[in-house]
Amino acid sequence: MAGLCAPEEDGRQRRRRQAASEGSVGPDSPADPDRKAARAMPNDGSTTTDAVRMTEVRKVYGKRDNQVVALNGVTTRFGRGTFTAIMGPSGSGKSTLLQCAAGLDRPTSGSVLLEDHELSDMNETRLTMLRRDRIGFIFQAFNLLPVLTVRQNVTLPLRLAGRKPARGRVKSVLEQVGLGERSKHRPAELSGGQQQRVAIARALISDPAVIFADEPTGALDTRTARGVLGLLQHSAQTAGQTIVMVTHDPVAASYADRVLFLADGNLVGELRSPTAEAVAERMTHLGAFAEEDALPAPAMTGEGHR
Ligand SMILES: Nc1ncnc2c1ncn2[C@@H]1O[C@H](COP(=O)(O)OP(=O)(O)OP(=O)(O)O)[C@@H](O)[C@H]1O
């Protein structure tokens, strides 16, 4: 996986690389109603409509005088088939929340339940397997391997786990992201938006319980970003895919069903059926933005769609 390694990387970069290399490795079979129904039935016999539940999650970095409280007791849930955007000023804890929810970082205290699995009880090996089997990741940098074809990039996480995709699965996922004719192309032969679609296909291939997306449209122009966001929205609405996306862009957030607002490590608000204007307005009252009243509202880099 040399192509994914940076010479010097901080903890966050390392976790992103780790997630990208694990990709969304999962069971061989494609999505089917029985599997989706089985997912809704945890081992204890109760039913749940949540893909992820976080309860009183606290994350403190550093020691003694150097401590930073990145998450200060966050409780929330991400329902199956929902598309949630996480917003907040820089340093408010968005990436930390995503990484704790995805089992890439361990909370200092609190509980993270992915389907019926308590992540805080798991050792690293089980966490890695769970991430491979049940979680997909999409990042701003597409993290594709340049020497591999589209098809090979999409199936790489499965192959690393010693698995093969079910017959027809790669084709159907590539068609789903609009790249049915591009399976033999290499990333350099694709536009930025197409490369991000390959990354989405790689995340979707194993039919994960949840896809975590960290600024997935941050490197794309407005029009291309709109296409990628529409694809994510479509995956949630028609295929029941659960998606949790960190973004700074109110227009990107408006594609979600719900926006959660973070400030100083606390969940401070929520908008359902958000419009870009309502999200931007709410952001102006949060944390650093509220203090920087001389600055204009956060830029809306996309075009409104509502
Ligand atoms: N590995 C780390 N060690 C020490 N402090 C950290 C670490 N990771 C994050 N932090 C701190 O935790 C706080 C929350 O960081 P986080 O990256 O989650 O914020 P964010 O909302 O995603 O910010 P941005 O929008 O700028 O990416 C910040 O104060 C940050 O400096």
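Bear in mind the structure is a predicted one, so any value in this text is a computation, not a measurement. (Residues numbered from 1 in each chain as written. Predicted model: local features only at pLDDT ≥ 70, side-chain atom pairs only at ≥ 80, totals over all residues. Heavy atoms only, no water.)

### Some points on unusual backbone geometry
Glycine aside, the phi torsion of most residues is negative, and most peptide linkages are trans. Look at N143: it is not a glycine, yet its phi comes out positive at around 55 degrees. Considering the arrangement of structural elements, one finds N143 in the loop between β6 (135–139) and α5 (150–160). Under the relative-accessibility criterion, N143 is labelled partly exposed at 21%. Phi is positive for S273, which is not a glycine, with a value near 45 degrees. Inspection of the secondary structure assignment puts S273 in the loop between β10 (266–272) and α10 (276–283). (Helix = DSSP H or I, 4+ residues; strand = E, 2+ residues; numbered from the N terminus. Buried < 20%, exposed > 50% of the residue type's maximum accessible area, 1.4 Å probe, protein only.)

### Considering helix α4 (residues 124–134)
Along α4, the residues that are buried comprise L127, T128, L130, R131, D133 and R134. Here α4 starts with a cap whose side-chain oxygen sits 3.2 Å from the backbone nitrogen of T125, and that cap is N123. (Polar contact = N/O pair within 3.5 Å; in protein donor to acceptor, adjacent residues only side chain to side chain.)

### Here we look at the pairing of strand β2 (residues 68–79)
In the sheet, strand β1 (residues 50–61) pairs with β2 via nine bridges, with the strands oriented antiparallel. Paired with R58 across the bridge in β2 is N72. The hairpin formed by β1 and β2 contains six residues between the paired strands, and G62 there has a positive phi angle of roughly 80 degrees. (Pairing = 2+ DSSP bridges.)

### Things to note about the packing of helix α7 (residues 192–204) against helix α8 (residues 222–239)
α8 packs onto α7 with a crossing angle of 20 degrees between their chain directions and a minimal axis gap of 9 Å. Relative to α8, α7 is oriented roughly parallel. Here α7 runs over α8; the crossing is right-handed. Between α7 and α8, the contacting residues are G193, Q196, R197, I200 and L204 on the first element and T224, G227, V228, L231, L232 and S235 on the second. Each residue belonging to the contact of α7 with α8 can be placed in one class, and the counts come to five nonpolar, five polar and one charged. (Axes fitted to C-alpha atoms, helices over the stretch in contact; angles between N-to-C directions. Parallel < 35°, antiparallel > 145°, perpendicular 65-115°, else oblique. Left-handed = near helix turned anticlockwise from the far one by under 90°. Contact = heavy atoms within 4.5 Å. Nonpolar A, V, L, I, M, F, W, Y, C, P; charged D, E, K, R; others polar.)

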